[in-house]
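# Close look at the chain arrangement
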Amino acid sequence: MDITTGDLVTRKSYKHDLLFRVALIKKETAIIQGADLRLEADAPINDLEIAAGREIVKRQEKEKEKEEFSYRLFRQDYQLMKEKRMYQTTDGYLNEGSFFQLPAKVLHLDGDQTYLRKCISLYQRVGLQVHGIHINEKEMPDEIGSLVKRIQPDIIVITGHDSYSKNKGMKNDLQAYRHSKYFAETVREARRINPNLDQLVIFAGACQSHFESLIRAGANFASSPLRVNIHALDPVYIAAKIAYTPFMESVGVWDALRNTLTGEKGMGGIETRGLLRTGMPYLEENGE
């Protein structure tokens with residue numbers, strides 16, 4: 001059966017471990033992208049096998065279960081944070097009063113349009129304001145400056161696809177990574193505009209990205225310390241944890257990673273101050 005762009009496939013040499021979407025075909029080689037993981041790789045056409053319909057449904061159902069479990073964990077965490085804010089705002093429930101919140105603004109750059117749609121859906125589900133923009137990873141360094149000045153975000157997510165190839169160099173060689181250098185350049189450009197790690201929080205990276213270079217460039221959180229694959233939705237949970245933590249409190253790295261699907265093997269970072277500001281009283285408009 002001929003393999004064409006858009007087909008869902010698995011790799012024979014990797015014992016059909018992951019589901020990929022064919023992004024591009026060049027003669028006898030295909031560029032494939034993870035269906036749920038932010039991984040991009042080259043693969044010989046003869047190593048690919050089109051996934052059967054039942055197999056696709058089975059994998060998608062399993063993935064949905066993982067995503068829903070992670071979302072439930074986040075909702076529990078969010079509810080605890082909300083109750084804590086209510087307690088503090090009412091002085092231990094001694095005073096009545098309604099409060100308002102100034103939400104964080106997220107700028108999400110994504111090299112994958114399908115993942116971007118999934119992420120925007122999750123941002124909306126958790127109640128965050130997001131500007132989602134699909135940009136090729138190689139173009140991100142040139143575009144980030146004008147976007148930051150125009151949108152003035154509190155959080156930037158810089159992600160897409162990436163991978164490490166041992167044929168191109170050692171793990172500490174940035175040239176051995178598909179897109180890590182572009183992610184790092186994008187972070188540096190954003191930091192030229194706002195170098196304060198607490199005023200502008202940045203997540204950068206994708207599957208197997210060069211974690212150290214992204215942190216050195218100025219990211220608060222990045223992937224991937226152990227060069228493993230990360231889930232498409234993981235950056236959203238990092239952003240949401242920062243966005244819903246009061247600015248007087250700091251977010252520990254483990255707290256930020258707790259609700260992600262990948263955890264500390266796939267992501268790491270530095271202690272970062274939250275961005276949520278609460279005010280009172282909240283006055284309802286009465287038309288007068």
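So, a few notes on the structure that sits alongside this text. (Residues numbered from 1 in each chain as written. Predicted model: local features only at pLDDT ≥ 70, side-chain atom pairs only at ≥ 80, totals over all residues. Heavy atoms only, no water.)

Glancing now at the packing of aromatic side chains. Here the structure, examined in full by the defined rule, presents 3 aromatic pairs. Ring centres of Phe74 and Tyr237 lie 5.9 Å apart, and the angle between their planes is 50°; on these two criteria the pair is classed as tilted. Taken together, the residues span a long stretch of sequence, with Phe74 in helix H1 (residues 53-89) and Tyr237 in helix H6 (residues 234-243) at a distance of 163 residues. Classification of Phe74 as buried rests on a relative accessible area of 0%. (Phe/Tyr/Trp six-rings, centres within 6.5 Å; stacked < 30°, edge-to-face > 60°. Helix = DSSP H or I, 4+ residues; strand = E, 2+ residues; numbered from the N terminus. Buried < 20%, exposed > 50% of the residue type's maximum accessible area, 1.4 Å probe, protein only.)

Here helix H4 (residues 180-193) contains 14 residues, and its C-alpha end-to-end distance of 21 Å stays within 8% of the 20 Å for a straight helix at 1.5 Å per residue. Among the residues of H4, Ser180, Tyr182, Phe183, Ala184, Thr186, Val187, Ala190 and Arg191 are the ones counted as buried. For H4, the elements touching its buried residues are strand S7 (105-110), helix H3 (140-151), strand S9 (155-159), strand S10 (201-204) and helix H5 (211-217). (Expected span 1.5 Å × (residues − 1). Contact = heavy atoms within 4.5 Å.)

With that settled, consider the sheet that holds strand S1 (residues 8-11). Reading across from one edge, S4-S3-S2-S1-S5 is the order of the 5 strands in this open sheet, with antiparallel pairing throughout. For this open sheet the edge positions go to strand S4 (40-44) and strand S5 (48-50), each flanked by a neighbour on one side alone. On average, each strand axis in the sheet is tilted by 50° relative to the strand beside it, whichever way the strands run. Here S1 pairs with S5 via 3 bridges, running antiparallel. Each residue of the ladder has a partner; that of Arg11, found in S5, is Leu48. (Pairing = 2+ DSSP bridges. Axes fitted to C-alpha atoms, helices over the stretch in contact; angles between N-to-C directions.)

All right, on to the nonpolar core then. Side chains of nonpolar character tend, in soluble globular proteins, to be buried together. Ranked by size, the top nonpolar core spans 42 residues in total, and within it Ile32, Tyr123, Leu128 and Ile155 carry the most contacts. Counting residues per element, this core draws most heavily on H6, which supplies 7 residues. Ignoring any residue separated from it by four or fewer positions in sequence, one finds Tyr123 in contact with Val106, His108, Leu128, Val130, Val157, Val236 and Ala239. By size, the runner-up hydrophobic cluster in this structure holds 23 residues, among which are Ile158, Ala204, Leu214 and Ala219. (Core = buried A, V, L, I, M, F, W, Y, C linked by side-chain atoms within 4.5 Å.)

A separate point is the pairing of S1. The side-chain alternation of S1 yields two buried faces, one formed by Leu8 and Thr10 and the other by Val9 and Arg11. In terms of strand pairing, S1 meets strand S2 (residues 20-26) through 2 bridges, oriented antiparallel. When the bridges of S2 are listed, Leu8 appears paired with Arg21.

The next subject is the pairing of S4. Examined bridge by bridge, strand S3 (residues 29-34) and S4 share 5 bridges and lie antiparallel to one another. Among the inter-strand pairings, Ile32 is bridged to a residue of S4, identified as Ala41. Following S3, the chain reverses through 5 residues before pairing antiparallel with S4.

With respect to the helices and strands, Tyr244 occurs in the loop between H6 and strand S12 (250-251). Judged by its relative accessible area of 8%, Tyr244 is buried. Of note is the side chain of Tyr244, whose polar atom sits 2.6 Å from the backbone oxygen of Val126. At 3.1 Å, the side chain of Tyr244 forms a polar contact with the backbone oxygen of Gly127. (Polar contact = N/O pair within 3.5 Å; in protein donor to acceptor, adjacent residues only side chain to side chain.)

Position of Lys241 relative to the elements: it lies in helix H6. Lys241 sits in the buried class, given a relative accessible area of 7%. At a separation of 2.9 Å, a polar atom in the side chain of Lys241 contacts the side chain of Asp77. Beyond its immediate chain neighbours, meaning those up to four positions away, Lys241 contacts Phe74, Asp77, Met81, Val251, Asp255, Ala256 and Arg258.

Attention shifts here to the environment of Arg125. Turning to its location among the elements, Arg125 is positioned in helix H2 (residues 113-125). The class of Arg125 is partly exposed, set by a relative accessible area of 38%. Expressed as a C-alpha distance, the spacing of Arg125 and Leu261, which sit 136 residues apart in the sequence, is 17 Å. If we skip the residues at most four places from it in the chain, Arg125 touches Glu68 and Tyr71.

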